[in-house]
Amino acid sequence: MLYPGKAVKVTIYLSEGATHHGASVYSSILDFLFYRGVAGATVTKGIAGFGADHHMHSSSTVDISDHLPLKIEFIDAREKVDSLLGKLEELTGSGLIEVQETTVAKPAQVSNPKKTIPPSHLKMEGKAQMMRIFVSEEDRWKNKPLHEALVEAMRANDIAGVTVYRGILGYGAHRRLHKDKPLLSTHHGSVMLSAVDTAQKLRDFLPLVDQMVEEGLVVFSEVDIIKYAYKSLDDGEQMATPPTGNSTA
Amino acid sequence: MKEAFSARMLRIHFGEDDRWQGKPLHEAILAKCKDLNIAEAIVFRGIEGYGAGSRIRRSRLFSKDAPIQISIIDTEEQIAKLIPFLDSVVEEGLVASSAVEIIRYSRVSIPPTAR
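Everything numeric in this text was worked out from a predicted model, so none of it was measured.

Attention shifts here to the pattern of salt bridges. Between side chains of opposite charge, pairing is possible as soon as their charged atoms come close. Residues and elements named next belong to chain A. Here the structure, examined in full by the defined rule, presents 15 salt bridges over all chains. Two residues, Asp158 and Arg36, come together in a salt bridge whose shortest N-O distance is 3.2 Å. Placement of Asp158 in the loop between helix H3 (146–156) and strand S12 (161–166) and of Arg36 in the loop between helix H1 (25–35) and strand S4 (41–45) is noted, with a sequence separation of 122 residues between them. On the accessibility criterion, Asp158 (5% relative accessible area) is buried. The shortest N-O distance in the salt bridge between Glu137 and Arg166 comes to 3.0 Å. Of this pair, Glu137 sits in the loop between strand S9 (127–136) and strand S10 (140–141) while Arg166 sits in strand S12; the two residues are 29 residues apart in sequence, bridging distant segments of the chain. Among the residues examined, Glu137 registers a relative accessible area of 12% and is labelled buried. Several salt bridges share partner residues, and in doing so they unite Lys9, Lys71 and Glu73 into one network.

To continue, consider the sheet that holds strand S1 (residues 5–15) of chain A. Residue and element names in this part refer to chain A. The strand order S4-S7-S1-S8 describes an open sheet built from four strands, whose pairing is antiparallel. Only two strands of the sheet have a single neighbouring strand rather than two, namely S4 and strand S8 (96–104). The sheet shows a mean angle of 20 degrees between the axes of neighbouring strands, taken without regard to direction. Here eight bridges tie S1 to strand S7 (residues 69–76), and the two strands are oriented antiparallel to one another.

With that settled, consider the side chain of A:Lys87. Tracing the backbone through its elements, the reader meets A:Lys87 in helix H2 (residues 78–92). In terms of polar contacts, A:Lys87 uses its side chain to reach the side chain of A:Asp158, at 2.9 Å.

Attention now moves to the environment of B:Ile47. With respect to the helices and strands, B:Ile47 occurs in the loop between strand S4 (40–45) and strand S5 (48–50). On a C-alpha basis, the gap between B:Ile47 and B:Pro67 in space is 7.1 Å, while along the polypeptide they are 20 residues apart.

Residues and elements named next belong to chain A. Tracing the chain through its elements places Arg132 in strand S9. Look at Arg132 and you get buried, because its relative accessible area is 4%. The sequence separation of Arg132 and Leu193 amounts to 61 residues, and the corresponding C-alpha distance is 5.4 Å. One polar contact links Arg132 to Ser221, side chain to side chain, over a distance of 3.3 Å.

Burial in H1(A) covers these residues: A:Val25, A:Ser28, A:Ile29, A:Phe32, A:Leu33 and A:Tyr35. Of the residues trailing H1(A), A:Gly37 is marked for its positive phi of about 75 degrees.

Right, let's get into the nonpolar core. A:Met131, A:Ile133 and A:Met154 are the most contacted members of the largest nonpolar core, which totals 27 residues. Looking at this core, the elements that each hand over two or more residues are S9, H3, strand S15 (190–197), helix H4 (199–212) and strand S16 (216–224) of chain A together with strand S8 (94–105) of chain B. In this view, A:Met154 contacts A:Met131, A:Ile133, A:Ile159, A:Val162, A:Leu193, A:Ala195 and A:Phe205; residues no more than four positions away in its chain are not counted. Counting residues in hydrophobic clusters, the runner-up holds 23 residues, among them A:Leu169, B:Phe14, B:Leu25 and B:Leu30.

Procedures and definitions
- Residues numbered from 1 in each chain as written.
- Chains lettered and ligands numbered in written order.
- Predicted model: local features only at pLDDT ≥ 70, side-chain atom pairs only at ≥ 80, totals over all residues.
- Heavy atoms only, no water.
- Salt bridge = Lys/Arg side-chain N within 4 Å of Asp/Glu carboxyl O.
- Helix = DSSP H or I, 4+ residues; strand = E, 2+ residues; numbered from the N terminus.
- Buried < 20%, exposed > 50% of the residue type's maximum accessible area, 1.4 Å probe, protein only.
- Pairing = 2+ DSSP bridges.
- Axes fitted to C-alpha atoms, helices over the stretch in contact; angles between N-to-C directions.
- Polar contact = N/O pair within 3.5 Å; in protein donor to acceptor, adjacent residues only side chain to side chain.
- Core = buried A, V, L, I, M, F, W, Y, C linked by side-chain atoms within 4.5 Å.
- Contact = heavy atoms within 4.5 Å.

What follows is the structure, given as structure tokens:
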């Protein structure tokens, strides 16, 4: 939430084709800013430019046109920006981040102010919790499939890992039988998201689930993590792999 | 509407070509769950797996023996009603049971008896 007065403007310069864990960097950053409750952010596409490598990238060179410069800008309070910078540096990779003092003359109007989610620490132990969310595949949230929105939200909140499973048959709260029909392009199946992290992190994430899931079931169970490849954010890795196969839940 | 309570979750593992009275076993189990008004049941098809007998289950062009897992969630009493049926229909397979905490979101309020 922005107020008139002193604020900080952050500008991130990166290349259009840059990827982070398989997704394009700008969309990862935009998702991160969105789910962390930043007041607003804009991505601008450049038509030509050069960066640290001193290669000229322009839209006329077809073969390297995915290296065109992109600029992401957002404005928020100093404390908010400070809390985001660590993760942003990791996401930005080889790009450049500029921070400058600015003054907000008039903040944009907000129709329904969103709660901000505090940044959480990454620490995994042998005991953990598994959160399974059962929803319908056709459920939507803000014009995108609910299960996709939930995964993006979990990723932005540093939940260690989540997998979406599509059921071939099932029913839930609304008593309607879902059956996967392979010949139809639109699926109307049941889906299950299975996320693993510490109990605290999952509980902290729950208010967002409350907002996003209108109809569905959330199941918590204690699990012992037997094998867990995990690197902290400082090592430049973000996603951990949840245990596969049958958990001991 | 939001409700939170303790419950039990079953996960039943078997193969896709397992049958009961001529129809696929997972369809039979799901139909029974619906009869008993079990709150949530969902069938998953695995890509590959193995279980009882250490035979690798995998879906091929002409054989459909992918591993199947059914997750079933409801209160202890409701799950207890389902167990005798599972005993009689699952010939080769595995049932894992765990105590869970659940939160249910619904658009309309459902009286507890109609679950």
